[in-house]
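Below, each chain spelled out in residue letters.
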Amino acid sequence: MTTRTETLPPTEQEIAAAAATTGRLRDALNNVLFGQETLVEMVMIGLLSRGHILLEGLPGLGKTALVKGLSRALQLQFKRVQFTPDLLPGDITGNPVLQEKEGGRVFVFQPGPLFANLVLADEINRASPKTQSALLEAMQERQVTVMGEVHALPDPFFVLATQNPIELEGTYPLPEAQLDRFLLKIDVTRCNVGTLEKIVLNRQIGVEPEIPAVLSHDDLTRVLDLAQRVYLPPVVANYIARLVEGTHSIAELGIRYGASPRAALALAAAARARALLASRPNASTEDVRAVAPAILQHRIVLDYNARLEGASTATIIEKLLAQIPAHDLERPKTLLDAKIQ
Amino acid sequence: MFHQDVSADAQAWRDRAAVLAAKLNFHHWLARVVPKLFFLLAASALAELLRREMSAPSRFVAAFVLLGAAVICGWAWLEARRHFCTPRQALVRLETVLRLHNRLSCAEDGVVPWPRAAQEHITDGYNPNWKQILVPVLAGIAFLYAAHLIPVYGIKAGAASGAISEPPDFAQVQNWLNALKAADLIEPDKLQDMQSALDKLRQKSPQDWYTQSSLEAGDSLKELMEQSMNSLEQGLDQADQSVQAMQAGQQDPAGAGSLQAMQEKLSDAADNLASGNLPLKRELVDSMKGGGSSDKTLSASQMADLEKRLAQGKLAAQTASKMNGGFGQEMDDAIGSAMGHGLAQRRSERGAPGGLGGGTSSAPLVLEERNKETPQGALTGVNNDDMTRTSLGETIKITASTPKVDPNALEAPGSAGAAHVNGTGGEAVWRSTYDPQEADVLSRFFH
């Protein structure tokens with residue numbers, strides 16, 4: 001028997017208001033990045049889920065521009081950290097500084113760039129594991145501890161990290177446990193010719209696009225709270241559980257280590273956020289299927305044979321979604337092809 | 001929370017879910033009952049064949065089918081029951097196939113209002129493959145129907161027991177022995193010896209009757225018997241002629257000397273008949289040698305009796321030696337059986353002349369109505385390795401072989417203009433002579 005926290009599902013009026021708000025944000029971001037509607041939607045899902053996002057793509061595809069645009073549209077405090085091998089944990093968390101105060105000398109904490117609502121960790125895999133750990137601890141705890149003193153990070157707190165899939169020499173790939181802290185890992189792909197033409201006509205190097213502020217801090221907080229209240233039916237929760245379990249139990253997929261319970265929570269949160277973006281009061285199995293690749297692809301480790309065959313986590317997740325039906329009922333195997341997912 | 005909607009829409013969606021659940025559950029049951037039903041029908045077809053061969057009443061097969069079907073239906077239901085889905089689960093299927101984003105489940109939970117249920121028919125995703133379901137059932141019914149229709153006859157005792165008819169030589173020897181016993185000419189001990197030899201062959205296992213050794217033994221016995229019968233016939237003929245001559249000589253008083261010579265001749269014939277494989281009875285030999293008379297001559301009455309016995313014996317020996325009835329009769333029977341019991345019988349019954357006004361018997365070579373019974377027997381393969389009668393151009397054998405090419409047979413090409421090319425031995429042959437497959441083989445061989 002499963003138990004669940006009883007929360008009131010959003011009303012139709014609340015959903016309509018949220019739809020208007022998120023619609024404005026979507027339009028603003030689509031004006032920043034042309035032809036990346038899917039990327040914008042996934043970033044918004046991560047935002048509404050209060051999750052951190054890892055963007056992976058080649059340089060120049062607009063990752064940084066998207067994050068900057070997001071901070072302006074949301075009127076959030078934005079900080080950018082360019083990760084390098086010699087970056088120290090104190091460089092991002094902040095350091096105590098010796099100051100003269102009231103005739104004496106005391107250590108005063110000088111906050112680092114992590115103390116912002118929106119932090120862009122550019123090329124996160126170039127920093128040393130020690131610095132990565134400091135960032136990832138802050139992501140998880142939403143606080144930093146310096147010299148035994150705990151400093152809470154501002155709310156909301158989002159980290160959008162980027163990493164380059166090429167030029168891996170001199171980098172420190174994030175270990176699986178740290179990757180698990182990111183709610184979504186989104187592959188940023190290049191755009192087509194039409195989009196490129198639009199970019200050439202509407203953008204200039206060195207000139208950042210004008211982005212209006214579409215959401216206040218209160219609006220954002222309201223929408224974030226609303227996303228948590230989106231109803232998750234038991235059938236969807238069951239589907240999420242079977243999906244995560246499938247990453248462990250279906251041997252033929254070629255997965256060595258499957259997804260964690262945190263991945264199940266991430267799936268639920270992301271499905272709720274997607275439902276809210278679609279102006280629905282409930283999450284659905286379709287929402288789970290839509291967000292599953294971005295949530296699971298960095299949380300599973302392929303076995304040797306799968307890697308030898310050139311399989312990618314994306315293809316493995318496709319197979320997983322194809323094998324696990326939305327309902328947990330067995331279909332007659334021999335005689336009928338009911339064609340129901 | 002929304003108030004639980006029990007409106008018409010809610011009822012309509014629940015009804016549809018219930019119908020879908022019933023369909024799916026029925027199909028779960030079908031998926032398990034159809035293979036079993038197929039095997040039941042196949043078994044029933046065999047039972048029907050057996051019933052018809054045994055001429056048993058058809059109600060046994062009908063009872064078997066009905067009882068088996070009932071058991072299978074119950075068994076399949078027990079198996080499928082654990083896979084049955086509830087209307088609530090069917091609701092999930094319904095909302096999935098209709099892409100309602102779990103709206104129905106949420107409405108059932110009272111979270112959102114029920115979507116409007118359209119009155120027209122909607123696709124519920126139930127799309128069974130009836131071909132997979134019906135083909136095994138129809139195939140089983142076809143088996144049963146075929147078992148009911150195909151010709152089946154009662155098992156013949158001989159066929160059922162696998163009786164093997166004895167070699168024809170055995171029957172022929174037995175016929176000869178019977179004829180000789182009936183004629184009462186030969187010493188019973190010798191006839192018994194022959195009979196024992198024949199019985200010894202017969203007592204072998206029927207499977208061994210047609211082995212090489214048994215056939216040779218039977219053939220030897222038959223030849224021995226045949227030679228003995230011929231010797232007996234010739235001896236009796238010689239004795240009979242002597243007795244007839246003696247009867248004629250007795251009436252001529254001047255021929256006393258020649259009568260004595262004839263008596264000696266008869267005595268020699270008696271000695272010949274007394275020896276051999278089929279010796280005459282002792283008392284007949286004695287009577288041929290003069291019986292109890294002191295001068296070893298036969299009286300007229302003795303001669304008359306002797307002549308009568310010898311004539312009877314000769315007739316019996318001739319009848320027996322000509323008696324190919326055993327083998328011949330069997331051949332006729334076989335032909336008659338094969339041709340509809342007609343011809344062989346008519347051969348023996350061909351007393352009536354046939355033709356116009358020739359009597360009531362039918363004309364020769366006119367067959368009776370075809371026999372409807374299918375004879376049962378073993379199929380024997382026949383192989384003829386004798387190639388002496390094959391004609392020119394006739395395909396005797398096809399074998400796989402590869403052409404033999406002498407790579408040194410041709411040195412080509414030579415030179416042309418300023419270029420000089422030494423050809424590889426045999427290359428021109430396989431390049432220009434053989435078909436592509438052969439050329440490929442040769443190419444791989446030479447390179």
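Residues numbered from 1 in each chain as written. Chains lettered and ligands numbered in written order. Predicted model: local features only at pLDDT ≥ 70, side-chain atom pairs only at ≥ 80, totals over all residues. Heavy atoms only, no water.

## Some thoughts on the overall build of chain A
- A tally of helices and strands in chain A yields 13 helices and 11 strands.
- Taken over 341 residues, chain A has a buried fraction of 51%.
- In chain A, 76% of the contacts between residues at least 6 apart in sequence involve partners at least 24 apart. (Helix = DSSP H or I, 4+ residues; strand = E, 2+ residues; numbered from the N terminus. Buried < 20%, exposed > 50% of the residue type's maximum accessible area, 1.4 Å probe, protein only. Contact = heavy atoms within 4.5 Å.)

## Points about the confidence of the model for chain B
All names here are of chain B.
- Taken over all residues, the pLDDT of chain B has a mean of 75, while the share at 70 or more is 69%.
- Within chain B, no element has a lower average pLDDT than helix 14 (residues 343-348), which sits at 42, and none a higher one than helix 2 (residues 59-81), at 91.
- Taken together, the stretch residues 1-5 has pLDDT below 50 and engages in 17 contacts with residues farther than four places along the chain or on a different chain.
- For residues 325-362, every residue scores under 50 in pLDDT, and the model assigns this stretch 30 contacts once sequence neighbours within four places are set aside.
- Two numbers describe this predicted complex: its pTM, 0.59, and its ipTM, 0.77. (pLDDT = per-residue confidence, 0-100.)

## Things to note about the packing of aromatic side chains
- Scanning all chains against the criterion turns up 5 aromatic pairs over all chains.
- Measuring from centroid to centroid gives 5.6 Å for Phe-109 of chain A and Phe-115 of chain A, while their planes differ by 65°, and the two rings are edge-to-face.
- For Phe-115 of chain A, a relative accessible area of 13% puts it in the buried group.
- Through pairs of rings, three or more aromatic residues link up here, namely Phe-38, Phe-39 and Phe-143 of chain B.
- The ring of Trp-13 of chain B carries the charged tip of Arg-16 of chain B above its face, separated from the ring centre by 5.1 Å.
- Here the basic side chain of Lys-36 of chain B rests over the ring of Trp-75 of chain B, its NZ or CZ set 4.8 Å away from the ring centre. (Phe/Tyr/Trp six-rings, centres within 6.5 Å; stacked < 30°, edge-to-face > 60°. Lys NZ or Arg CZ within 6 Å of the ring centre and 35° of its normal.)

## As for the pattern of salt bridges
Residue and element names in this part refer to chain A.
- In total, this model carries 21 salt bridges over all chains according to the counting rule given.
- Here Arg-222 ties to Asp-219 by a salt bridge, and the two come within 3.0 Å at their closest N and O atoms. Within this pair, Arg-222 and its partner Asp-219 are both found in helix 8 (residues 217-229), separated by 3 residues, close to a single helical turn.
- Owing to a relative accessible area of 54%, Arg-222 belongs among the exposed residues under this scheme.
- Taken together, the shared-partner salt bridges connect Arg-50, Asp-155 and Asp-225 into one network. (Salt bridge = Lys/Arg side-chain N within 4 Å of Asp/Glu carboxyl O.)

## Digging into the sheet that holds strand 8 (residues 158-163) of chain A
Residues and elements named next belong to chain A.
- Read from one edge to the other, the open sheet built from 5 strands follows the order 2-5-8-1-9, with strand pairing classed as parallel. Single-partner strands in this sheet number two, and they are strand 2 (78-82) and strand 9 (184-188). Between one strand and the next, the sheet's axes are offset by a mean angle of 20°, whatever the strand orientation.
- Across 4 bridges, strand 5 (residues 118-122) lies against strand 8 in parallel orientation. Each bridged residue has a counterpart across the sheet, and for Leu-120 the counterpart in strand 8 is Leu-160.
- Contacts from helix 2 (residues 37-48) reach strand 1 (53-57), strand 8 and strand 9, with the element oriented near 165° to strand 9. (Pairing = 2+ DSSP bridges. Axes fitted to C-alpha atoms, helices over the stretch in contact; angles between N-to-C directions.)

## Considering the nonpolar core
- With 77 residues, the main nonpolar core has Leu-25 and Leu-267 of chain A as its most contacted residues.
- In this structure Leu-25 of chain A touches Met-44, Leu-47, Leu-70, Ala-73, Leu-74, Val-214 and Leu-215 of chain A, once residues within four positions along its chain are discounted.
- The next biggest cluster of nonpolar side chains, apart from the first, holds 33 residues, and it includes Leu-180, Leu-191, Leu-201 and Val-285 of chain B. (Core = buried A, V, L, I, M, F, W, Y, C linked by side-chain atoms within 4.5 Å.)

## With respect to the packing of helix 1 (residues 8-54) of chain B against helix 3 (residues 87-97) of chain B
Residues and elements named next belong to chain B.
- Where helix 1 meets helix 3, the closest approach of the two axes is 8 Å, and the angle between their N-to-C directions is 100°. Put simply, helix 1 runs roughly perpendicular to helix 3. Touching Trp-13, Arg-16, Ala-17, Ala-18, Leu-20, Ala-21 and Leu-24 of helix 1 are Pro-87, Ala-90, Leu-91, Arg-93 and Leu-94, all from helix 3.
- The class makeup of the residues in the contact of helix 1 with helix 3 is 10 nonpolar, no polar and 2 charged. (Parallel < 35°, antiparallel > 145°, perpendicular 65-115°, else oblique. Nonpolar A, V, L, I, M, F, W, Y, C, P; charged D, E, K, R; others polar.)

## A closer look at a nonpolar patch on the surface
Residue and element names in this part refer to chain B.
- Side chains of Phe-26, Trp-130, Leu-134, Leu-138 and Ile-141 sit close together on the surface and give an oily, nonpolar patch of about 490 Å² of accessible area.
- In terms of residues, the nonpolar patch owes the most to one element, helix 5 (residues 130-149), which gives 4 residues.
- Its place among the elements puts Phe-26 in helix 1. (Patch = residues over 30% accessible without salt bridge, like charges linked within 9 Å, V, L, I, M, F, W, Y side chains within 5 Å. Areas by Shrake-Rupley, 256 points an atom, 1.4 Å probe, with all protein chains shown as cover.)

## Some remarks on unusual backbone geometry
- With an omega of 0°, the peptide bond running from Asp-155 of chain A to Pro-156 of chain A counts as cis.
- The phi dihedral of Ser-55 of chain B is positive, around 55°, even though this residue is not glycine.
- Position of Ser-55 of chain B among the secondary structure elements: in the loop between helix 1 and helix 2.
- Positive phi values are uncommon outside glycine, yet Arg-99 of chain B reaches one of about 55°.
- Residue placement: Arg-99 of chain B occurs in the loop between helix 3 and helix 4 (103-108).

## Some remarks on the pairing of strand 5 of chain A
Residue and element names in this part refer to chain A.
- The element strand 5 is extensively covered by neighbouring structure, given that 5 of its 5 residues are classed as buried.
- Residues Leu-118, Leu-120 and Asp-122 line one face of strand 5 and the alternating positions Val-119 and Ala-121 line the opposite face, and both faces are buried.
- Pairing geometry for strand 2 and strand 5, over 5 bridges, is parallel. Across the sheet, the residue bridging to Gln-82 is Asp-122, located in strand 5.

## As for a negative patch on the surface
Residues and elements named next belong to chain B.
- Where like charges cluster on the molecular surface, the negative patch consists of Glu-216, Asp-219, Glu-223 and Glu-226.
- Within the fold, Asp-219 resides in helix 9 (residues 212-250).
- Classification of Asp-219 by relative accessible area gives partly exposed; the value is 32%. (Lys, Arg positive; Asp, Glu negative; His and termini not counted. Charge placed at Lys NZ, Arg CZ, Asp CG, Glu CD.)

## So, the pairing of strand 7 (residues 149-152) of chain A
Residues and elements named next belong to chain A.
- Bridge count between strand 6 (residues 143-146) and strand 7: 4 bridges; the pairing is antiparallel. Residue Gln-143 lies in a different strand from strand 7, and its bridge partner there is Ala-152.
- Linking two consecutive strands that pair antiparallel, namely strand 6 and strand 7, is a turn of 2 residues; a positive phi of about 50° is found at Met-147 within it.

## Quick word on the side chain of Arg-299 of chain A
- When you line up the elements, Arg-299 of chain A lands in the loop between helix 11 (285-296) and strand 11 (301-302).
- With residues up to four places along the chain from it excluded, the contact list for Arg-299 of chain A reads Asp-180, Phe-182, Leu-183, Tyr-257, Gly-258, Ala-259, Arg-262, Ala-263 and Ala-266 of chain A.

## Quick word on the environment of Gln-302 of chain B
- Structurally, the position occupied by Gln-302 of chain B is in helix 12 (residues 300-321).
- The exposure class of Gln-302 of chain B is partly exposed, given its relative accessible area of 30%.

## Observations regarding the environment of Pro-9 of chain A
- For Pro-9 of chain A, the position within the fold is in the segment before helix 1 (12-32).
- Pro-9 of chain A gets classed as buried once you look at its relative accessible area, which sits at 9%.
- For the pair formed by Pro-9 of chain A and Leu-232 of chain A, sequence separation is 223 residues and the distance between their alpha carbons is 9.1 Å.
- Beyond its immediate chain neighbours, meaning those up to four positions away, Pro-9 of chain A contacts Arg-229 and Tyr-231 of chain A together with Val-111 of chain B.

## Overview of the packing of helix 1 of chain A against helix 2 of chain A
Residues and elements named next belong to chain A.
- Put simply, helix 1 and helix 2 touch, their axes get as near as 10 Å, and they point 135° apart. The angle between helix 1 and helix 2 falls in the class oblique. For the pair helix 1 and helix 2, the sense of crossing is right-handed. Mapping the contact onto sequence places Thr-22, Leu-25, Arg-26, Leu-29 and Asn-30 in helix 1 and Glu-37, Val-40, Met-44, Leu-47 and Leu-48 in helix 2.
- Its residues placed into classes, the contact of helix 1 with helix 2 shows 6 nonpolar, 2 polar and 2 charged. (Left-handed = near helix turned anticlockwise from the far one by under 90°.)

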